[in-house]
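# Fold and contact review
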Amino acid sequence: MRFDTVIRNGTVVTATDTYASDVGIDGGRITAIAQSLPVENAGKVIDATGLLVMPGGIDVHTHLDMPFGGTTSADDFESGTIAAAFGGTTTLIDFAIQTKGHSLRQAFDTWMKKADRKAAIDYAFHCIITDLGAAQLEEMGALIGEGVSSFKLFMAYPGVLMVDDATIFRAMSQAAKFGGLICMHAENGGAIDVIVQKALAEGKKSPKYHALTRPTTAEGEATSRSIALAEMAGAPVYIVHLSCNDALEKVREARDRGLPAYAETCPQYLYLSLENMDAPGFEGAKYVFTPPLREKWHQEKLWQGLAHDTLQVVSTDHCPFCFKEQKELGRDDFTKIPNGGPGIEHRLSLVYTGGVHGGRFSPNRFVQLVATAPAKLFGLFPRKGTIAIGSDADLVIFDPNREQTISAATHHMRVDYSMFEGIRVKGVPKTVLSHGRPVIENGIFVGKPGSGEFVRRSPYAGI
Ligand SMILES: [Zn+2]
């Protein structure tokens, strides 16, 4: 037996198993898993004594190089994928946004160009639909066939991204027919807009009003409505960035009835709350994203949701805008603050810290939430999201006991602040492999921009 790389003496952790084993890699894939593998002929030997060997993280919600409100998110596909790799993520799914009146293919082509020769890890795309005529409806089937097997629709941002219920229903029906999965931004945008206009008229323009004008009821209502539309269409539905208990209860009810309703949350909703928006001066703008931060008590509900499978996935909704010059666009009016926060780099560490060290769930559940469930829901499994013979050798060698303090001074995202500044995490990736090649080695980037590949995803096949 000959291997390009052998990872020795580690503890393999998958969504279902934990065992001491060596892992052999050849031609970018896992070719052997055994208690002891021969290393004499191995090109490279990585010692993982005392460390966990886990499937690489899959972040299914990022916005790299994305135009928003007259500016562009601060990380492109180079800096964003490098930061992701530092955090143990080896595949991301970004969003290609359809411009009204144009084809879905145009969106896909545009985003393929953005990633080309830049990405340091593998990537795929969901397509955001803003305008669904007969032609685009037809395109959905074609795109699913080409590996773009999920679509995102907005129930918020009227006049910009929001679509009506008829459009959502049509898209879901088409997705059901061709094996697509619809991702929903679930907030009642119409009602929110009225509340926002009233706040502005009353002179309430500071960053905190971004949160105060988007009630949890608006998210609960839209979550419920999207699940009902999916039920009528006979389609699965995936709620993105679920932030509050109101929405969580709607997902739980649907799942209790046996519906294929799924949802993700993000680390910001697990670690931050409305209190962060009381930061002095304009600092609250650092936490302006949608849905907004909620009262603190929602956090524990979301952690419970992750432990009990009401929530299946943790993604980041990474959408970084610098505080200087970007967030500042809304200094006099919160509606002009670019919506989004940076998070692509710290997902695994934050979830491991609060979930596993916090005593809420096992390392196996952790792997399920950050890698296996995302891979299964979005057509990447078993190529990615697990450690098995024949799977891509996208691996994280993780030190579960190493501690680190998150800070903008040391992070690798191209943004001038951290949402999680000063938070101490326990559990940090040490070495990260993509297709068997080191991208991060002992905490240093050794990969190459452009080495990441576009991944064609399979149609939706459940979890
Ligand atoms: Zn998003």
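Conventions and cut-offs
- Residues numbered from 1 in each chain as written.
- Predicted model: local features only at pLDDT ≥ 70, side-chain atom pairs only at ≥ 80, totals over all residues.
- Heavy atoms only, no water.
- Donors = N, O, S within 2.8 Å, 3.2 Å for Na, K, Ca; no water.
- Buried < 20%, exposed > 50% of the residue type's maximum accessible area, 1.4 Å probe, protein only.
- Helix = DSSP H or I, 4+ residues; strand = E, 2+ residues; numbered from the N terminus.
- Pairing = 2+ DSSP bridges.
- Right-handed = clockwise from strand over helix to strand, strands pointing away.
- Contact = heavy atoms within 4.5 Å.

Next up on the list: the coordination of the zinc ion. Listed as protein donors to the zinc ion are His61 (NE2), His63 (NE2) and Asp317 (OD); their distances from the metal cover 2.0 to 2.2 Å. One chain supplies every donor for the zinc ion, spaced along it as H-x1-H-x253-D. Overall, the relative accessible area of 0% leaves His61 in the buried class.

Here we come to the pairing of strand 11 (residues 150–154). Where burial is concerned, most of strand 11 is hidden: five out of the five residues are buried. Here strand 11 shows no split at all, with Ser150, Lys152 and Phe154 on one side and Phe151 and Leu153 on the other all buried. As paired elements, strand 10 (residues 122–128) and strand 11 share two bridges and run parallel to each other. Across the sheet, residue Ile128 finds its bridge partner in strand 11, namely Lys152. At this point the chain moves from strand 10, through helix 3 (residues 134–145), to the parallel strand 11, and the crossover so formed is right-handed. Two elements, strand 11 and strand 12 (residues 181–185), share five bridges in a ladder whose sense is parallel. Its bridge partner lying in strand 12, Ser150 is registered against Leu181. Running through helix 4 (residues 165–178), the crossover from strand 11 to the neighbouring parallel element strand 12 is right-handed.

On to the environment of Leu377. Tracing the sequence through the fold places Leu377 in helix 12 (residues 363–377). When neighbours within four sequence positions are excluded, Leu377 is seen to be in contact with Leu181, Tyr238, Tyr262, Gln312, Val313, Tyr460, Gly462 and Ile463.

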